[in-house]
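# Tertiary structure, described
Take a look at the letters that make up each chain.
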Amino acid sequence: MSRAPRSPGLGRRTFLHGCGAAGAGLLLPGAFAGCGDTPAGAADGGVDADDRAPPWPVPPLDDGEVAGGVRVFRLELQPGAVDLGAGAATASYGVNGAYLGPTLRVRRGERVRLEVTNSLAEPSTLHWHGMAVPARGDGGPYQSIAAGATWSTEFEVDQRAMTAWYHPHQMHETARQVYMGMAGLIYVEEPTPPADLPSTYGVDDLPLVIQDRRIAADGTHPYSAGNTPAMHDLMAGLKGELMLVNGVPAARGAVPRGLVRLRVLNGSNARTYHLGFADDRSFLQIASDGGRLAAPLPTTRVLLAPGERAELLVDFSADAAGTSVGLRSYSGEVYPTLFTGMMGANLADALDRTTFDVATFVVGPPPAAPFAPPTAFEPIVRGSASDAARTRDVTLSMGMGSVFLNGTRMTALEPVPAAISFQIPAGDTELWVVTNTSGMAHPLHVHNQPFQVLDLDGAPPPPSLAGWKDTVLVAPGQVVRLLISFAGAPDTEYPYMFHCHILEHEDHGMMGRFFLV
Ligand code: C2O
Ligand code: CU
Ligand code: CU
């Protein structure tokens, strides 16, 4: 449960500097390599320097700058170009760089200001997915930032330690803008990070932003300027066969020969992953979207739909130095639960029916002071249906070449049909009954506060879904009941959003809004 202090002298300051500079120009595959310290920093024999794998590729870590008691982050949305493995440049968008953006680290209890400058030639937004923020600072479609403008929001971090993320949320343009590369992680930490969990960024605390892309030989993709995704891609959600982790194809890098914490985000537009290791080793899931589970969960698989996050602890201590350990998606194993009937069969692709590689970890030298797997966390108080002030139905459906939410669609900021525009008294707890009548699974996301999954088709949630969630995958034909306590300040001017996190569905109007009143 506890461990000795980690080895000093990892030179984080230097590495941050070097990484912050890696922003402009054409990024090559493995562009982030060198932005983390190699575990080999704990000098050790056993592996020749020449055999050492490169450090695990991670986005730069950004702690902001504290001024007047406020931790300030300056984020710039900017155009760029990357080589995603096609051998040709792909025009991209990034945050403080050409593709993806820095990992922002904030602490519970502190004031934070996020300043977003839009240096793109089109309007955009930046939404803080998983963060509890005032509605006017949420960065949703109602907070569009004009080309050339700067927008900012300031709030107090008042939530559990967890892994959140940010991405654009521009009305009708979210799928394309995220596909172009704008996304990043937010690490929410307790004021004092846990001593019993690996938490050295880029060494034993590794972010994994998983995305799939469809890049042609000339570097273009269906969202490149001048292209439009086919109707089928808009219905199924745009999926591709090229796997990126942290923006890097065929991602591969070193991990210490000990316990490693992986913070996995499914940042894909539409693909759901069923992750496991090539050797089927068991690992611990320690957190879901909204933070720690009640206890570490031993498992061999984690199902992650677009927008969902999971924290995993993987033990590499029994692996010989130099061993390669593959991370895969065993998608075929869950095909029958994610796609049903003729409609589902039409919306699935080849990868949805099979197993494929996502990334490779190369085991390096052991850490100076190994961690022991934790055995318990704080209990989670589970709510019940009787806590709810009212019940609300949310129906996800598809048909006639379209997606629907409660039988309608959000096609503009105003007006929004009453069936998908809610007024919720701030502080109330509601029971949302989410029903999926379509042939494919949809990940429903609710902004601001996390929720609890009460039951799925009447059965209590499995342990992986029994903690705090902000995005939940609803299988075809399934009824999932959510208990949501709508914390936050009333604001009758700015709403929060809820939507399917398949971004093509969101853009097509499978989205609604709620005002806290
Ligand atoms: Cu991750 Cu409304 O979004
Ligand atoms: Cu969100
Ligand atoms: Cu959907």
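This structure is a prediction, so every number in the text was calculated from the model and none was measured.

### A few points about the side chain of Q285
By secondary structure assignment, the location of Q285 is in strand 18 (residues 283-288). Look at Q285 and you get buried, because its relative accessible area is 5%. Sequence-distant contacts of Q285, defined by excluding residues within four places in its chain, comprise L293, A295, P296, L297, T299, V302, A310, E311, L312 and S464.

### Overview of empty space enclosed by the protein
Across all of its chains, the model carries 6 cavities of 30 Å³ or more by this definition. Counted as a void, the second largest cavity has a volume near 90 Å³. Looking at the second largest cavity, the residues that line it are A236, K239, A270, R271, T272, L338, F339, D352, M440, A441 and I502. Looking at the lining of the second largest cavity residue by residue, the class counts come to 7 nonpolar, 1 polar and 3 charged. Here the lining of the second largest cavity gathers at least three residues from each of two domains, domain 2 (205-363) and domain 3 (385-516).

### Quick word on the coordination of the copper ion (ligand 2)
The protein atoms that coordinate the copper ion (ligand 2) are H127 (NE2) and H445 (NE2), at distances spanning 1.9 Å. Note that H127 is positioned in strand 8 (residues 127-129) and H445 in strand 28 (residues 442-446), a separation of 318 residues in sequence. Overall, the relative accessible area of 1% leaves H127 in the buried class.

### Structural notes on the sheet that holds strand 6 (residues 103-107)
With mixed pairing, 5 strands are arranged side by side in an open sheet as 2-6-11-10-8. Among the strands making up the open sheet, the edge pair consists of strand 2 (61-62) and strand 8. Of the strand pairs in this sheet, strand 2 and strand 6 are connected by 2 bridges, and their pairing is parallel. Each bridged residue has a counterpart across the sheet, and for L61 the counterpart in strand 6 is T103.

### Topic: the coordination of the copper ion (ligand 3)
Bound to the copper ion (ligand 3) are the protein donor atoms H442 (ND1), C500 (SG) and H505 (ND1), situated 2.0 to 2.2 Å from the metal. Read in sequence order, the donor residues for the copper ion (ligand 3) give the motif H-x57-C-x4-H. Using a relative accessible area of 0% as the deciding quantity, one classes H505 as buried.

### Looking at the domain arrangement of the chain
Along its sequence, the chain is organised into domain 1 (14-189), domain 2 (205-363) and domain 3 (385-516). Across the contact, 25 residues belong to domain 1 and 27 residues belong to domain 3. Buried area between domain 1 and domain 3, summed over both chains or domains, comes out near 2100 Å², and the portion from carbon and sulfur atoms is 56%. Contact with domain 3 buries surface across domain 1, with R136, Y142 and M171 losing the most and accounting together for 31% of the total. Run the count over domain 1 and domain 3 and you get 2 salt bridges. In this structure, the connection of domain 1 to domain 3 is made through 23 residue pairs in polar contact (both at pLDDT 80 or more). Among the elements that line the side of domain 1 that touches domain 3, the one with the most residues is helix 2 (residues 174-179), at 4 residues. Of the residues that constitute the side of domain 1 that touches domain 3, the class distribution is 11 nonpolar, 9 polar and 5 charged.

### Considerations on the sheet that holds strand 20 (residues 302-304)
The strand order 15-23-22-17-20 describes an open sheet built from 5 strands, whose pairing is mixed. The open sheet is flanked by strand 15 (252-255) and strand 20, the only strands paired with a single partner. Across the sheet, the axes of successive neighbouring strands diverge by a mean angle of 30 degrees, strand direction being ignored. Across 4 bridges, strand 15 lies against strand 23 (residues 355-363) in parallel orientation. Bridge assignment links V255 to a residue of strand 23, and that residue is V363.

### Here we look at the nonpolar core
Grouped together as the largest cluster of nonpolar side chains are 49 residues, with contacts concentrated most on W432, L482, F498 and F514. At 4 residues, the largest contribution of residues to this core is made by strand 32 (residues 496-500). The residues contacting L482, other than those within four sequence positions of it, are E430, L431, W432, V434, L444, F451, Q452, V453, L454 and V472.

### Quick look at the pairing of strand 5 (residues 90-95)
Counting buried positions over the 6 residues of strand 5 gives 5, a clear majority of the element. Here 6 bridges tie strand 4 (residues 70-82) to strand 5, and the two strands are oriented antiparallel to one another. Opposite L77, over in strand 5, you have V95 as the bridge partner.

### Some words on the pairing of strand 32
Burial runs high along strand 32: 5 of the 5 residues are buried. The pairing of strand 28 with strand 32 spans 3 bridges and is antiparallel. Each residue of the ladder has a partner; that of L444, found in strand 32, is C500. Across 4 bridges, the pairing between strand 32 and strand 33 (residues 511-516) is antiparallel. From the neighbouring strand, H499 faces strand 33, where its bridge partner is M511.

### Regarding the packing of aromatic side chains
Scanning the entire structure with this criterion turns up 16 aromatic pairs. On the numbers, 5.8 Å between centres and 45 degrees between planes, the contact of F316 with F361 is tilted. Separated by 45 residues along the polypeptide, F316 in the loop between strand 21 (309-315) and strand 22 (324-330) and F361 in strand 23 bring together distant segments of the chain. According to the relative accessible area criterion, F316 is buried, its value standing at 0%. F361 gets classed as buried once you look at its relative accessible area, which sits at 0%. Consider the rings of F422 and W432, whose centres lie 5.7 Å apart with planes at 90 degrees: the pair is edge-to-face. One end of the pair, F422, is in strand 26 (residues 421-424); the other, W432, is in strand 27 (residues 429-436), with 10 residues separating them in the sequence. With respect to burial, F422 and W432 carry one shared label: buried. Cluster of aromatic residues (ring-pair linked, three or more members): F422, W432, F486, Y496, F498 and F514. Here the guanidinium or amino end of R292 rests over the ring plane of F377, the centre of that ring lying 5.5 Å away. Positioned above the aromatic ring of Y330 is the side chain of R301, whose terminal nitrogen or guanidinium carbon lies 3.6 Å from the ring centre.

About the thresholds
Residues numbered from 1 in each chain as written. Chains lettered and ligands numbered in written order. Predicted model: local features only at pLDDT ≥ 70, side-chain atom pairs only at ≥ 80, totals over all residues. Heavy atoms only, no water. Helix = DSSP H or I, 4+ residues; strand = E, 2+ residues; numbered from the N terminus. Buried < 20%, exposed > 50% of the residue type's maximum accessible area, 1.4 Å probe, protein only. Contact = heavy atoms within 4.5 Å. 1 Å grid on protein atoms, 1.4 Å probe; cavity = no way out; pocket = protein on both sides within 12 Å on 5 of 7 lines; lining within 4 Å. Points joined across faces, edges and corners; volume = space filled by probe spheres on them. Nonpolar A, V, L, I, M, F, W, Y, C, P; charged D, E, K, R; others polar. Domains from an automatic or database assignment. Donors = N, O, S within 2.8 Å, 3.2 Å for Na, K, Ca; no water. Pairing = 2+ DSSP bridges. Buried area = accessible area lost by both parts, 1.4 Å probe. Salt bridge = Lys/Arg side-chain N within 4 Å of Asp/Glu carboxyl O. Polar contact = N/O pair within 3.5 Å; in protein donor to acceptor, adjacent residues only side chain to side chain. Axes fitted to C-alpha atoms, helices over the stretch in contact; angles between N-to-C directions. Core = buried A, V, L, I, M, F, W, Y, C linked by side-chain atoms within 4.5 Å. Phe/Tyr/Trp six-rings, centres within 6.5 Å; stacked < 30°, edge-to-face > 60°. Lys NZ or Arg CZ within 6 Å of the ring centre and 35° of its normal.

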